[in-house]
Structure formats: structure tokens, C-alpha cells
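Chains, contacts and geometry: an overview
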Amino acid sequence: MEKIILTGDRPTGKLHLGHYVGSLKRRVELQNSGQFDEIFVMIADAQALTDNADNPEKVRQNVIEVALDYLSVGLDPEKTTIFIQSQVPELAELAFYYMNLVTVSRVQRNPTVKTEIKMRNFEQSIPVGFFCYPVSQASDITAFKATTVPVGEDQAPMIELTREIVNRFNNIYGPTLVEPEILLPDNAACMRLPGTDGKAKMSKSLGNCIYLSDTTKEVKKKVNSMYTDPEHLTIDSPGHLEGNCPFIYLDALSRPEHFAKYLPDYPDLQALKDHYTRGGLGDGTVKKLLFNVLEEELAPIRERRSHYEQNIPAVYDILREGSEKARAAAAQTLDEVRAAMRINYFDDPSLIADQAARYKSK
Ligand code: TRP
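Below or above, wherever it landed, is the structure these notes cover. Predicted model only: the values in this text are computed from it and were never measured.

**Looking at the pattern of salt bridges**
Summed over the entire model, instances satisfying the criterion amount to 23 salt bridges. The partner of E38 in a salt bridge is K325, with the nearest N and O atoms 3.5 Å apart. Of this pair, E38 sits in strand 2 (residues 38-43) while K325 sits in helix 16 (residues 312-340), placing them 287 residues apart in sequence. By relative accessible area, which is 45% here, K325 ends up partly exposed. With a shortest N-O distance of 2.8 Å, R192 and E153 are connected by a salt bridge. Placement of R192 in the loop between helix 10 (188-191) and helix 11 (216-224) and of E153 in the loop between strand 4 (148-150) and helix 9 (156-173) is noted, with a sequence separation of 39 residues between them. In this structure R192 comes out as exposed when scored by relative accessible area, which is 56%. Judged by relative accessible area, which is 31%, E153 ranks as partly exposed. Shared partners join several salt bridges into a network, and the residues in it are E65, D69, R305 and E309.

**Digging into the site of the ligand**
If you check the shell around the ligand, you find 14 residues, and the closest are M42, Q47, Q137, D140 and Q155. At a separation of 2.8 Å, a nitrogen atom of the ligand approaches a polar side-chain atom of D140. One of the side-chain nitrogen or oxygen atoms of Q155 is found 3.0 Å away from a nitrogen atom of the ligand. Per-element accounting of the shell around the ligand gives the leading share, 4 residues, to strand 1 (residues 4-9). For the shell around the ligand, the per-class residue count stands at 6 nonpolar, 5 polar and 3 charged.

About the cut-offs
Residues numbered from 1 in each chain as written. Predicted model: local features only at pLDDT ≥ 70, side-chain atom pairs only at ≥ 80, totals over all residues. Heavy atoms only, no water. Salt bridge = Lys/Arg side-chain N within 4 Å of Asp/Glu carboxyl O. Helix = DSSP H or I, 4+ residues; strand = E, 2+ residues; numbered from the N terminus. Buried < 20%, exposed > 50% of the residue type's maximum accessible area, 1.4 Å probe, protein only. Near = heavy atom within 4 Å. Polar contact = N/O pair within 3.5 Å; in protein donor to acceptor, adjacent residues only side chain to side chain. Nonpolar A, V, L, I, M, F, W, Y, C, P; charged D, E, K, R; others polar.

Below is the structure:
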């Protein structure tokens, strides 16, 4: 069986370091591993509209931001099909059919949807489209016959629902769809990178993000004001690692080579942690290391970004070509789905002949 990846992001803001360690970096590695037959990365504008219906301009502006973020981290349009969800109308069609295979109570139990409903104050009135987005996400994945969906932990309930829909569909209509598997980050710090203020997650509204498009100066400022250990008042006092942002970021990003290069007194991160918890190591040293590690990662991203920023029409060409290619792939699956669902009236010659014969013999 072919190995196919599908994943994506809602274009509601620029992508940040949490997106990078949680999924973008892995996508580039998967892309370059040569282990996949196809890789589709989707800018989920239609999904973004499910809770931004009154703000289409925000979604429109962020489509290009996210595209620039993708290209600047190293997604290569020669190897990865980057496309815009709304430009593949087959996805909406498929979602409409899947809605018959899912109950309201099943979606209501989705923990990610539950949290989002609270966050958006949708408790009183949820837009139907928003409520249905997990079902539409199942169509995003299955329209491409994806086998592998690299995403963060919060997306696990969507993949689970997708697998249920696939099984239900194949049971009723015959084997047609492929059951996907989730691919989670392999490092706990990457799974849930906190904001620079120590809060659970980077989020635009909390103003605690390091963006992939931040300048060196912005990164330095954000690292220097990062939340560490409020009880670590003097260099000599023992420090705590729990919830200590610079250490969590280093868990996500540092490698032993970084120590040889920037802090040769320590063989690795564990040695640095040991010194910190013993006492005698200041936050400044840790932050300086983190800044260097971040810059090593972000400088090439920034460089590629500025190249594409000078070539915006070419970026739209990449999106257009990607969307055409994605549409052709989804259309192929939809042909199979319609045939399985017995709604392929005009490309099934036996249907017309059989009906004609039935009426003739009456
Ligand atoms: N829900 C994802 C997010 O919040 C975006 C998304 C839409 C997605 N469709 C998808 C991710 C399909 C993986 C697979 O960013």
C-alpha cells in the first residue's frame, strides 16, 4: 500500500515555535525521509471560517502567512503538495456524506471540541459548521487516502473519529476508504511547548509566542523575559526545573553538539540541569544558550522567508498548482465514494440499461 501523509493548519495567525517543534519540523523530516509516496499539507481556510465566519479578511491574510511559514521551514513544493482547503470542493461534498455516519452525541464527546466551545463562549449557540468540523476533518484526511497524519496531541480525537467513519463507511458501502494512523511528536517537550510566560500553550491572544517570522532582536527580547523559576532569587539558590521555560525549550530543541559549541563546560543538557538544581547557575546562562540554539534553528528559516517574501506571486502559483494537484487526487476518491454509495447515476451504464429493462418487462 502507498504511504501518504495529510496534515494541515488553520490560517488564523502566523505559525510559532509551538507549531514548529510540535509538527512543522517533523513534517520536513518526513518529507526528506523519502519514505512517503505523497505528502499533502493543507491550509485549512474552510475550517478556519467555522469560527471566523464574520472575519473572512483575517483568514485571507493568514493563508499567505501560513504558506510563507511552510516554505520557510523547508517544505519543498517539489516534494510536498501545499494546497488551500476551500479550493478542493470535493472535501465539502465528502463531509456532507460523512455527516450521516456520525451522531451528534459522538461529536459532543470530543474533548478538543469541548475545550474550544468553552474558549469561544459557544456554550449557548454553536455554529453548526463549527460543530461539524471534526467530520470535515475526516474528509480532509480520507479524500487523500492518507495513511499517516502527523499532528499534535489535541488532534487525536479527530483521527479517532476519522477511523470510526472509515470503518462505518467501509462496512456499509464496501471497502473504499483507508484507515489513517496518527503520528505524534516523539518528545514530551515538543508535544506541549508552553508559552514564554509559562502558561500551558503558546497562543496569539496571550501574547506569549515566539513566531517563526520574529527577528533576532525580538527573539532575544522574548528569551530574556521568559518565565523561569520564581523561587530562584539568587544565582546560588537551588533552582527548579518544573515549568521552567528555557529548560523546557532546550528539552525540545537542544542537542549535545550545541553544548560543545556554546557551553563547553557542560557535556549535555542533563549536566546543566544538575548544576541549576544544585544552585550556582544563573538564569542568564541558560537563556543565552537557548537564544543561541533558537537562532541556529530560526536563522535559516528567516532567510528562506525573506526570499519568498520577495516572490509573493510565485508563492500563490505554488498554492494554485498544489490545489489543482490535490483536487485531482480528491476527485479520484470521490468517484470511488459515489460509486460505493450508489450515487454515480451517469457513469454507470448498467444502471440505465437495468432500469430500462425493468420497466420494459412490466
Ligand atoms: N484542526 C487542525 C488545526 O487546528 C487543522 C486541520 C484541518 C487538520 N484538517 C486537518 C490537521 C486534517 C490534520 C488533518 O490546526
